[in-house]
Amino acid sequence: MKQQKSVLAILGRIEGLPVLGVLVIMFVAFIFTAPTVFTRPLIYMSFMQTVPPVLVLGLGLTLVITAGEIDLSFPAIVALSGFVFAYIFKNVDAAWAPWAGFGLALVAGALVGYLNGLLIARVGVPSIMATLASQFFWYGITILLAGGLQLNLREVEDTVVHTVFTGRIFGVVPAQAIWGLALTVFLWFVLNRHKFGEALMFIGDNPNVAQVMGINVEATRIKLFTVMGAIAAFAGLLLTIEINVFFPTQGQGFLLPVMAAVFIGGTLISGGLGSVVGTLWGAYIIGSLQAGVVATGVTSYWVQSVMGFIMAAAVALNVVIGEGNLSGLSEILGRWTRSSQIAAQERASDMNDTALE
Amino acid sequence: MVEDYANPYALQMVNVDKYFGAVCALKNINFEVGSNEIIGLIGDNGAGKSTIVKILTGVFPPTGGELYIAGRKVNFNRYNVQKAHSYGIETVYQDKSLGEKQVLWRNFFIGREITGPFGFINVKKEKEIASEIMVNTIGFRGKGITVDSKVSKLSGGERQGVAIGRAMHFKAELILLDEPTVALSLKEVRKVLDFVHRIKEGGKACIYISHDIQDVYEISDRFVIIDRGEIVASILKEDITRKDLDNFLLEYAHGMKDRIEE
């Protein structure tokens, strides 16, 4: 019995475990319902191509939501960063052009994020409103600059940038999957082991407490949105370089799936706590859900309902056996195993306490 | 009035006034806190207690008067919350001292993390010190509570204990407790008072702010009673019984009512 208690306590402390459980169950179900697709490596490779942009955006959004804010502008940054890269790639005829385009795209994203941050932290506009406006504005600017046209970037395939960020490692594994994982590890350390991440958690928890404990709340919020902007630009670059084409509406349709990935991952909607690992699994759940459900052969009318059901189940599972509750379960088990004598003593002392009050 | 030798006062306020426009919030406040003295600062709502706290913690400067911390005159032009911390003044607020969803060890070091290269937190060291504070500085007796527990699991009294322990660890010479027992049960108030005893034993000074003498009588060395922006009495505990202090405050309240009715 004791053994059981400690095992549960340890399991409860592993970040994102319930979500990983959902992911595994989902894939096992797909293997049984669509064996021709899910027993071959091709589908997994395809997920490793398509999920990383969702994952990268989700990681950034995890930080934002942990700090008690929201960012709706990232789809526009995905488009803007793609444009900056494409424009420089097309118009500068030099070997370093792709790298310059890559760097400038990141800078552009960070700049948009910085402006969001100023609007939110300094002017005091609620982040949902500020970033909604920002999304419209920067999509508008991108379409204007691009003249509404898409840009073909077939030559990108021959560049080092393409190989480094979206090439196939050993001819098999898409490089962006590795970048996504590396960013997951890095941001886990930023959120859980860096004073910046700790400041984000306390601000999301209670900005007044953060303020009186000497955290510069305004500067931290501005920094947060700047980082989010750069991360969104990175996601846009992964997307643009992978598909070798820029189109001015790219990024549209990412907003809700990315938010779903973050919340499925167990990040609190109220702020204060975020799970980077949960977002990793959440992104793969969201990213493989549609393809998986379609492959099972259910009629297309059913696809959306099944997707919604799985999302709800994932979040519910997280709430029921999430960190706190799993260790709570082990506490209950521990209480059951204690001798009834001790329990009786405790009851007696509790009654004394109540009498004193 | 400031000498070079070791100053017996943690804090002195000299002729301090505070006006908000034409409204007088504090009038000619003169009071001092000994370096190991517990002051019970008692006053009704709106008497000026929180104005005093805000001046002492650097939220805003007074309109006139002087403030000395451990004998050093404070320059109000360059005084703020961070400066107050560096002078050894720490404040424990009723409800905004701790992040509720966060674990205890993070709460001990928030804003003052022990960091290694690139600003990454030395978690092992922070946990060690936090656990040391809990056991030795505040004598934590909470059942099954460790540095990895979340604040939301702690009772109201225990939370104040954590905030007091943190203040003591960061070399506070003077701890301001701003109504720390509001909304706590008697049992929890008991816990907070035990923590305040630790401040006295640790050789530090404390201003315990309350609108009620119930909890301050036992732990205070001296009572300072403030009414409508003025200090109306400063009484050593040895000079007054609990009952007399009760009566004094009651008469004062009645007197005030009479004045209002006039």
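1. Digging into the overall build of chain B
Right, so step 1: From N to C terminus, chain B includes 8 helices and 10 strands.
Right, so step 2: Taking 2.2 N^0.38 as the reference for a compact globule, 262 residues should give roughly 18 Å; the C-alpha atoms of chain B span a radius of gyration of 19 Å, in line with that estimate.
Right, so step 3: For chain B, the spread of C-alpha atoms along the principal axes amounts to about 65 × 40 × 35 Å.
Right, so step 4: By the burial criterion, 38% of the 262 residues in chain B qualify as buried.

2. Some words on the interface of chain A and chain B
Right, so step 1: Counting from both sides, the interface comprises 21 residues of chain A and, opposite them, 24 residues of chain B.
Right, so step 2: Of all the secondary-structure elements, those providing two or more residues to the side of chain A that touches chain B are α9 (175-193), α10 (195-205), α11 (207-212) and α17 (340-356) of chain A.
Right, so step 3: Top contributing element to the side of chain A that touches chain B by residue count: α10(A), with 6 residues.
Right, so step 4: Residues belonging to the side of chain A that touches chain B are distributed by class as follows: 10 nonpolar, 5 polar and 6 charged.

3. Concerning helix α4 (residues 123-137) of chain B
Residues and elements named next belong to chain B.
Right, so step 1: In this model, α4 (15 residues) spans 20 Å end to end at C-alpha, consistent with the 21 Å of a helix rising 1.5 Å per residue.
Right, so step 2: When α4 is considered as a whole, its buried residues turn out to be Ala130, Ile133 and Met134. Looking down the long axis of α4, one finds its buried residues gathered within 95° of arc, a one-sided arrangement. Summarising the geometry of α4, the exposed residues directed more than 90 degrees from the buried face are Lys124, Val135 and Asn136.
Right, so step 3: Lining the buried residues of α4 we find α3 (104-109) and α5 (156-169).

4. Examining the pairing of strand β6 (residues 89-92) of chain B
All names here are of chain B.
Right, so step 1: Side chains Ile89 and Thr91 of β6 all project onto a buried face; the interleaved residues Glu90 and Val92 project onto the opposite face, where all are buried too.
Right, so step 2: Sheet topology places β6 next to strand β7 (residues 174-178); 4 bridges connect them, and they run parallel. Within the sheet, the bridge partner assigned to Ile89 lies in β7 and is Leu174.

5. Points about the packing of helix α6 (residues 97-123) of chain A against helix α7 (residues 127-146) of chain A
All names here are of chain A.
Right, so step 1: The interhelical angle for the contact between α6 and α7, taken along N-to-C directions, is 145°, at an axis separation of 9 Å. α7 is crossed by α6, and the crossing has right-handed handedness. Seen from α6, the contacting residues are Val112, Asn116, Leu119 and Ile120; seen from α7, they are Ser127, Ala130, Thr131, Ser134 and Trp138.
Right, so step 2: Of the residues belonging to the contact of α6 with α7, the class tally is 5 nonpolar, 4 polar and no charged.

6. A closer look at the nonpolar core
Right, so step 1: Residues Ile264(A), Leu174(B), Ile175(B), Cys206(B) and Tyr208(B) are the most contacted members of the largest nonpolar core, which totals 158 residues.
Right, so step 2: At 15 residues, helix α12 (residues 217-243) of chain A tops the list of elements feeding residues into this core.
Right, so step 3: Setting aside residues no more than four positions away along its own chain, Leu174(B) makes contact with Ala10(B), Leu11(B), Val33(B), Gly88(B), Ile89(B), Ala205(B), Cys206(B) and Ile207(B).

7. Observations concerning unusual backbone geometry
Residue and element names in this part refer to chain B.
Right, so step 1: Backbone geometry places Ala70, a non-glycine residue, at a positive phi of 50°.
Right, so step 2: Along the chain, Ala70 turns up in the loop between β4 (64-69) and β5 (72-73).
Right, so step 3: You will see that Lys171, though not glycine, has its phi angle at about 55°, which is positive.
Right, so step 4: By the secondary structure assignment, Lys171 is in the loop between α5 and β7.

8. Things to note about the environment of Thr296(A)
Residues and elements named next belong to chain A.
Right, so step 1: Summarising the element assignment, Thr296 is placed in the loop between α14 (276-295) and α15 (300-320).
Right, so step 2: The partly exposed category is assigned to Thr296, around which 16 C-beta atoms lie within 10 Å.
Right, so step 3: When sequence neighbours within four positions are dropped, the list of residues in contact with Thr296 reads Phe30, Thr33 and Ala34.

9. Some thoughts on the sheet that holds β6(B)
Residue and element names in this part refer to chain B.
Right, so step 1: Here we have 6 strands laid out as an open sheet, ordered β6-β7-β8-β3-β9-β10, and mixed in their pairing. The sheet is open, and its two edges are formed by β6 and β10 (230-236), each paired on a single side. Pairs of neighbouring strands in the sheet enclose a mean axial angle of 20°, with direction left out of account.
Right, so step 2: Two strands pair when backbone bridges link them, and strand β3 (residues 38-43) and strand β9 (residues 222-227) are joined in this way by 5 bridges, in the parallel orientation. Residue pairing across strands places Gly43 opposite Ile226, the latter belonging to β9.

10. Brief notes about the confidence of the model for chain A
Right, so step 1: The predicted model of chain A averages 87 in pLDDT, with 86% of residues at 70 or higher.
Right, so step 2: Segment residues 351-357 of chain A is flagged for pLDDT under 50; beyond a separation of four residues in sequence, or across chains, it makes 5 contacts in the model.

11. Observations regarding the environment of Val14(B)
Residues and elements named next belong to chain B.
Right, so step 1: With respect to the element layout, Val14 can be found in strand β1 (residues 9-20).
Right, so step 2: By C-beta crowding, Val14 is classed as partly exposed, having 15 other C-beta atoms within 10 Å.
Right, so step 3: When the C-alpha positions of Val14 and Glu126 are compared, they lie 40 Å apart, and in sequence the two are 112 residues distant.
Right, so step 4: Dropping the residues within four chain positions of it, Val14 is found in contact with Asn30, Gly65 and Glu66.

12. Remarks on the sheet that holds β1(B)
Residue and element names in this part refer to chain B.
Right, so step 1: Judged by pairing direction, the sheet is antiparallel, and its 4 strands sit side by side in the order β2-β1-β4-β5 without closing on themselves. The sheet terminates laterally at β2 (23-34) and β5, the two strands that pair on one side only.
Right, so step 2: Here β4 pairs with β5 via 2 bridges, running antiparallel. Considered in β5, the bridge of Ile69 is made with Arg72.

13. Observations regarding the packing of α4(B) against α5(B)
Residues and elements named next belong to chain B.
Right, so step 1: One can describe the packing of α4 onto α5 by two numbers: an axis separation of 10 Å at closest approach and a directional angle of 105°. As far as their axial angle goes, α5 and α4 are roughly perpendicular. The residues of α5 that touch α4, namely those facing Ile133, Met134 and Thr137, are Gly165, Met168 and His169.
Right, so step 2: Looking at the contact of α4 with α5, its residues break down into 3 nonpolar, 3 polar and no charged.

14. Focus: the environment of His194(A)
Right, so step 1: For His194(A), the location among the structural elements is in the loop between α9 and α10.
Right, so step 2: Owing to 18 C-beta atoms within 10 Å, His194(A) belongs among the partly exposed residues under this scheme.
Right, so step 3: Once you skip the residues sitting within four places of it in the chain, His194(A) turns out to touch Phe189(A), Gly119(B), Phe120(B) and Ile121(B).

15. A closer look at the pairing of β4(B)
Residues and elements named next belong to chain B.
Right, so step 1: In this structure, β1 lies alongside β4, joined through 5 bridges in antiparallel fashion. Pairing of Val14 across the sheet is with Glu66, part of β4.
Right, so step 2: Count of turn residues in the β4/β5 antiparallel hairpin: 2 residues, of which Ala70 carries a positive phi of about 50°.

Calculation notes
Residues numbered from 1 in each chain as written. Chains lettered and ligands numbered in written order. Predicted model: local features only at pLDDT ≥ 70, side-chain atom pairs only at ≥ 80, totals over all residues. Helix = DSSP H or I, 4+ residues; strand = E, 2+ residues; numbered from the N terminus. Rg over C-alpha atoms; globule rule 2.2 N^0.38 Å. Buried ≥ 20, exposed ≤ 12 C-beta atoms within 10 Å, placed from the backbone. Contact = placed C-beta atoms within 7 Å. Nonpolar A, V, L, I, M, F, W, Y, C, P; charged D, E, K, R; others polar. Expected span 1.5 Å × (residues − 1). Arc of directions from axis to C-beta. Pairing = 2+ DSSP bridges. Axes fitted to C-alpha atoms, helices over the stretch in contact; angles between N-to-C directions. Left-handed = near helix turned anticlockwise from the far one by under 90°. Core = buried A, V, L, I, M, F, W, Y, C linked by C-beta atoms within 7 Å. pLDDT = per-residue confidence, 0-100. Parallel < 35°, antiparallel > 145°, perpendicular 65-115°, else oblique.

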